[in-house]
Structure formats: C-alpha cells, structure tokens
Amino acid sequence: MQDHHTNGRGGTRWDGWGHGLVGVIIFSGSLPATRLAVGGFTPLFLTASRAVIAAGLGAALLGLLGQKRPARADLPPLAVVALGVVVGFPLLTALALRHITSARSIVFIGLLPLATALFAVLAPGAERPKPAFWLFSGAGSLLVAGFALMRSEGADLTGDGLMLGAILLCGLGYAEGARLSRRLGGWQVISWALLLAAPAMAVLAFVTLPETWSGIGLPAWAGLGYVSVFSMLVGFVFWYRGLALGGIAGVGQLQLLQPFLGLGLAGLLLGEPVEGAMVAVAAGVVVCVAAAKRFA
C-alpha cells in the first residue's frame, strides 16, 4: 500500500509543495516581464515568439533525454494544456496589459488558485477537497484581491475582461497539465504541449514580425527572454511536478503568494516601497495557504 505522504512518481507531498513554491517564484516575474515586453513587441508576436523559443528548448530536452512520444490518447489533453498556458494565458494577459497596469492584474492572479482548484474537481474521479479547504481558499483569494484592488488603478472593462478569460484558461491548463504530469512527467508535459502548438505559433510569429527592430529597447528584449525561458518552460518544470506530487487543489493555493512575491521583487529590483500592510496581508495569506494544505 502506498504511503499517504508519498506519490507514485517517486516524491513526497512535501516535495510537491517545494517544487510548487519554486514554480510560483519563477511565475511571479511573468506579468512584470510581459509588461516590459509589450513596450516593444505586439501582443500577438510576443505570444507566438515566446512559444516558439520555449518549444525549441523543449524539443532539445526531449531529444537529448530520449523521451518517447506521448500516446494518442494524451494528445487531446495536451491540446488543452497548449490552449490554456501556451496560447490563451500569454496572449490574453499581453492584450490586457495594454489596457491595465500590472498592479491591477494582481486582482485576477488572486483568483487563479480558485480557478485551478475548480477545474481540478470538475474532472471525473478527481480530487475532492474538504469543505474547509474552500473556506480558506476563498479567504486567501479575497485577501489578495482586496489588497490589490485598493492599490490598483481604475477598472477598464476590456482589460479586466481579458484578464478574467486569461485566469480561466490558465486554471484549466494548470489542472489538465498536472493530471498528465502524473503519467508523463512535469517538464515532458509542457514540452510536448509547446511542440504541439509550435507550427501554428511559428506561422503567427512570422506574419506578426516587427516592421523594424531598431526601436525595440533592451527592457523589451529582457522581458521576452524571461517569459520565453522561465515563464514558458522552466517554471512549468517545477510547477507541474509540484501539482502532480502534492495535489492540484492544495499546491495550487501557493499561487496566492505570487502577487506578494512580485511586489517583493519590485521592491528589491526597482526600489519600490514595501508597505507594512503588504507584509500583514502576506502573513494572512500564508496562514490561509497552510490551512488549505491541511484540508486539501
């Protein structure tokens, strides 16, 4: 009989939470980097080029490590992963960040754990967290959304709508990818999903090439580099393994920390002030995450 604290893929639930935390730390830089990138590239070119670059890296990994092709039955769920995290979330957030600030987007990132958990429990034979899990998950989401809302600029219907769509697609892609990761492995899932989307993304990148490269500054290039390598591939290596080992609904709650990690990075790298209120709310979120883990 399998130990309660271990997973069939050779790791413990604590390993899952550790991997998940590394993934969240990497993802916390995604929206600021996207904001930088759309300063020099169109949302369509940014979405396509980051996917093509990451697909090239993923293909190299799959080839070097001799990975077998996924079974035919794995192709539909891989397509769902590609739709959610390779195309949907990057494109919709890039479009949204032309209308709203990255600070306002934190409102919606606070809803991502709930979206992930909801898609995790909708599948047949899926996880069934205890009622207390939903209580603490909802409380953590409200803390994040409330804090961000008080410190963000006014609403924009277009930008807010795009972010809401991005969160729903991302939650779907996270949950589906985590289920596949238990069978294929975390980095293999995102690599195959990237390859599946690569032909269409390559065509899109070609037809949306910038008319001139001369006016594109270093910040935009740095943003593109970050989202291509870290947000699109490396972060998922840790994130999908974390979800597979520790449980999709439970480990997904670590995303509640993402906005505060992002604000912390802004304070560390950009010299932006870190207020006491932020520390207090972050502490409350940590309590909610710990409680959600207990009841997941």
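Per an unreviewed UniProt entry, the protein is named Drug/metabolite transporter (DMT)-like permease, and its organism is Methylorubrum thiocyanatum. Quoted straight from UniProt, the Subcellular location (unreviewed entry) entry for the protein says "Membrane". The record in UniProt for the protein states the following under Sequence similarities (unreviewed entry): "Belongs to the EamA transporter family."

Peer 1: What exactly am I supposed to notice about the overall build of the protein here?
Peer 2: What the protein contains, in helices and strands, is 13 helices and two strands. By the burial criterion, 52% of the 296 residues in the protein qualify as buried. A separation threshold of at least 6 residues defines the contact pool for the protein, and within that pool the share at least 24 residues apart is 90%. By element, 70% of the accessible surface of the protein is carried by carbon and sulfur atoms, the whole surface being about 13,300 Å².

Peer 1: Looking at this structure, how should I read a nonpolar patch on the surface?
Peer 2: A contiguous nonpolar patch, built from Val-203, Phe-206, Val-207, Leu-209, Trp-213, Leu-218 and Trp-221 and spanning about 780 Å² of accessible area, is present on the exposed surface. With three residues, the top contributor of residues to the nonpolar patch is helix H9 (residues 186–207). For Leu-218, the location among the structural elements is in helix H10 (residues 218–246). Exposure remark for Leu-218: the relative accessible area of 67% places this residue in the exposed category.

Basis of the calculations
Residues numbered from 1 in each chain as written. Predicted model: local features only at pLDDT ≥ 70, side-chain atom pairs only at ≥ 80, totals over all residues. Heavy atoms only, no water. UniProt positions renumbered as here; feature names shortened; annotations may be inferred. Helix = DSSP H or I, 4+ residues; strand = E, 2+ residues; numbered from the N terminus. Buried < 20%, exposed > 50% of the residue type's maximum accessible area, 1.4 Å probe, protein only. Contact = heavy atoms within 4.5 Å. Areas by Shrake-Rupley, 256 points an atom, 1.4 Å probe, with all protein chains shown as cover. Patch = residues over 30% accessible without salt bridge, like charges linked within 9 Å, V, L, I, M, F, W, Y side chains within 5 Å. Salt bridge = Lys/Arg side-chain N within 4 Å of Asp/Glu carboxyl O.

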